[in-house]
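Structural description and commentary
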Amino acid sequence: MSGRLTRVATSGPRGTVRDRYLVHGTIAPRFVAAHAVIADDAMPFTPADAREAKAFAAMIADGSIRGVGQGRFWFDMHAYETAAAARRAKRVPVLLMVALLVAAVAVAFYRI
């Protein structure tokens, strides 16, 4: 990755331009929209409420948001993707257990 986002036009109802990378939530899209994706382009950010402050702290903890000092932060896409992959990996065993439980219940009721 070159360290900069490339812009790709999409056909949207308002003729919007989306960045190549899809990010979720309320915080990450603001950093992407401001092109604060490298340390040189860090932007000032202050969470608006307690919920956003909790999400922001979690993003700092997993490395998705990095600080450069004086209240300026930037969004690390590689760390964001790594954290998202880790969250998905944690869900797989739970989903398998739920699927097996549903199958077992269906078989038990089918035999009655």
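In this report, we go over the structure that sits alongside the text.

**Considering the sheet that holds strand β5 (residues 72–75)**
Across the sheet, 3 strands lie side by side as β3-β5-β4; this open sheet has antiparallel pairing. Two strands bound the open sheet, and with one partner strand each, they are β3 (43–44) and β4 (65–69). Both β3 and β5 contribute to a ladder of 2 bridges, which runs antiparallel. Of the residues in β5, the one forming a bridge with P44 is R72.

**Points about a nonpolar patch on the surface**
Taken together, the side chains of V94, V98 and V102 define a hydrophobic patch exposed on the protein surface, amounting to about 260 Å² of accessible area. Looking at the element boundaries, V102 is found in helix α3 (residues 77–111). A residue is classified by how much of its surface remains accessible, and V102, at 53% relative accessible area, is exposed.

**Concerning the pairing of β4**
Across 4 bridges, β4 lies against β5 in antiparallel orientation. In the strand pairing of β5, R66 is matched with W74. Linking β4 to β5, which pair antiparallel, is a turn of 2 residues; within it Q70 sits at a positive phi near 55 degrees.

Calculation criteria
Within every chain, residues take consecutive numbers counted from 1 along the sequence as written. Residue-level local features of this predicted model are given only where pLDDT is at least 70; pairs of side-chain atoms are given and counted only at 80 or more, and the full residue set underlies all totals for whole chains, interfaces and linings. The basis for the side-chain values is all heavy atoms of the structure; hydrogens and waters are excluded. Only strands joined by at least two bridges in the DSSP assignment are considered to pair. Only DSSP runs of H or I with at least four residues qualify as helices, and only runs of E with at least two residues qualify as strands; both kinds are numbered from the N terminus onward. Nonpolar side chains (Val, Leu, Ile, Met, Phe, Trp, Tyr) are joined into patches within 5 Å and like charges within 9 Å, using only residues with over 30% relative accessible area and no salt bridge. In these tables, accessible area is a Shrake-Rupley quantity obtained with a 1.4 Å probe, and a residue counts as shielded only by the protein chains included in the view. Think of a salt bridge as a Lys or Arg side-chain nitrogen and an Asp or Glu carboxyl oxygen that are within 4 Å of each other. Only protein chains enter the accessibility calculation, which uses a 1.4 Å probe; a residue is then buried when its area is under 20% of its type maximum, exposed when over 50%, and partly exposed in between.

It is worth stressing that arrangement in space is one thing and function is another; only the former is reported here.
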